[in-house]
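# Understanding the architecture of this molecule
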Amino acid sequence: MSIAYSAGRIWRKIWNGPFHIGRLAQPVTVGDVLMKLLETAWRTAILAITIVVVTVACGGVWFTYLSPVIFPRAETNLVVEAVYDDGKRTIPAPPPFVKPGQKAPPVFRCTPDYPIKVSFWNKSSRPITDVYFDIEAYNVGYTNNLVDGGAFRENHRVVEPHHVWTTCYASPVLEGVDPLELTYKASVSTASYADE
């Protein structure tokens, strides 16, 4: 017995319900009419519930799987990297999103007052702006974030499609921690397409 056949039998049992009377035979009694009314009400309720369940399921699939692929949010098309560069050390390596053999963006140096260099790479075909993100800092091999509270940052520069925008921020690490010894990370919360 196939799964489809079993499912069809189960559906028929549910569809017919406890009030199934089938075709009315002559002479029709009041009881037959009442049973037919109950059968119709049952099927209407089952149909309404089925429509609601299918609508909710389709909505879940749309918002969870299809919409992010068809209409990706701006932050999913934005790579943000943070590194320490006080302008004194040797020129740092290109941002991690620059592949070997690919031309790196022009060297941009920060200053001792604003030594956290943050690069925004727009991977989409639309301009991105209004990026809200956090700067995080870690000792190598550890997971505790050493950033002082309030490392939330904003960037309202329009980053053109397939371009990189780089800027500098003050060091947000806790007092007494050597910022040179840390690895940095930028965690984006939201961003927007500039053409919306």
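Described in the following lines is the structure provided in the data block. Bear in mind the structure is a predicted one, so any value in this text is a computation, not a measurement. (Residues numbered from 1 in each chain as written. Predicted model: local features only at pLDDT ≥ 70, side-chain atom pairs only at ≥ 80, totals over all residues. Heavy atoms only, no water.)

### Examining the pattern of salt bridges
If you walk through the whole model with that rule in mind, you get 6 salt bridges. Put simply, glutamate 39 and arginine 43 hold a salt bridge, and the shortest N to O gap is 3.9 Å. Of the two residues, glutamate 39 and arginine 43 are both situated in helix H2 (residues 30–70); the distance of 4 residues between them amounts to about one turn of the helix. Among the residues examined, glutamate 39 registers a relative accessible area of 2% and is labelled buried. (Salt bridge = Lys/Arg side-chain N within 4 Å of Asp/Glu carboxyl O. Helix = DSSP H or I, 4+ residues; strand = E, 2+ residues; numbered from the N terminus. Buried < 20%, exposed > 50% of the residue type's maximum accessible area, 1.4 Å probe, protein only.)

### Remarks on unusual backbone geometry
A positive phi angle is found at aspartate 130, which is not glycine, with a value near 50°. Mapped onto the elements, aspartate 130 comes out in strand S3 (residues 128–139).

### Re the sheet that holds strand S5 (residues 164–169)
As a general point, the strands of a sheet are linked pairwise by backbone hydrogen bonds and lie either parallel or antiparallel. Here 3 strands make up an open sheet; going across it, the order is S1-S2-S5 and the pairing antiparallel. Of all the strands in the sheet, just strand S1 (78–84) and S5 have a single pairing partner and so form its edges. Each adjacent strand pair in this sheet contributes to an overall mean axis angle of 20°, direction not counted. Bridge analysis of strand S2 (residues 116–122) against S5 gives 6 bridges, and the strand direction is antiparallel. (Pairing = 2+ DSSP bridges. Axes fitted to C-alpha atoms, helices over the stretch in contact; angles between N-to-C directions.)

### Overview of the nonpolar core
If you look at soluble globular proteins, the nonpolar side chains tend to sit buried side by side. In this structure, Ile116, Val118, Phe120, Phe133 and Tyr184 are the most contacted members of the largest nonpolar core, which totals 24 residues. Elements supplying a minimum of two residues to this core: S1, S2, S3 and strand S6 (182–193). Beyond its immediate sequence surroundings of up to four residues, phenylalanine 120 is in contact with Leu78, Val79, Val80, Val131, Phe133, Asn155, Val159, His163, Val164, Trp165, Thr167 and Tyr169. (Core = buried A, V, L, I, M, F, W, Y, C linked by side-chain atoms within 4.5 Å. Contact = heavy atoms within 4.5 Å.)

### Details of the packing of aromatic side chains
The geometry of an aromatic ring pair is captured by the separation of the ring centres together with the interplanar angle, meaning the angle of the planes. Applying the stated rule across the entire model yields 5 aromatic pairs. Taking 6.0 Å as the distance between ring centres and 25° as the angle between the ring planes, the aromatic pair formed by tryptophan 11 and tryptophan 15 counts as stacked. With tryptophan 11 and tryptophan 15 both in helix H1 (residues 3–16), this residue pair falls 4 residues apart, about one helical turn. Exposure remark for tryptophan 11: the relative accessible area of 39% places this residue in the partly exposed category. Owing to a relative accessible area of 26%, tryptophan 15 belongs among the partly exposed residues under this scheme. Consider the rings of phenylalanine 120 and phenylalanine 133, whose centres lie 5.4 Å apart with planes at 75°: the pair is edge-to-face. Here phenylalanine 120, found in strand S2, pairs with phenylalanine 133, found in strand S3; they are 13 residues apart in sequence, far enough to count as distant. You'll find phenylalanine 120 and phenylalanine 133 in the same group, each marked buried. (Phe/Tyr/Trp six-rings, centres within 6.5 Å; stacked < 30°, edge-to-face > 60°.)

### Focus on the state of the cysteines
All chains considered together, the criterion is met by 1 disulfide. Paired through a disulfide, cysteine 110 and cysteine 168 show a sulfur-sulfur distance of 1.9 Å. Across the disulfide from cysteine 110 to cysteine 168, rotation about the S-S bond amounts to roughly -85°, and the bridge is consequently left-handed. Here cysteine 168 lies in strand S5 and cysteine 110 lies in the loop between S1 and S2, a separation of 58 residues in the sequence. Each of the two residues, cysteine 110 as well as cysteine 168, counts as buried. (Disulfide = S-S within 2.5 Å.)

### With respect to the sheet that holds strand S4 (residues 152–155)
The antiparallel open sheet is built from 3 strands, whose spatial order is S4-S3-S6. What marks the edges here is a single partner per strand, and that holds for S4 and S6. Sheet twist, expressed as the mean angle between neighbouring strand axes with direction ignored, is 25°. Bridging between S3 and S6 involves 10 bridges; their strand directions are antiparallel.

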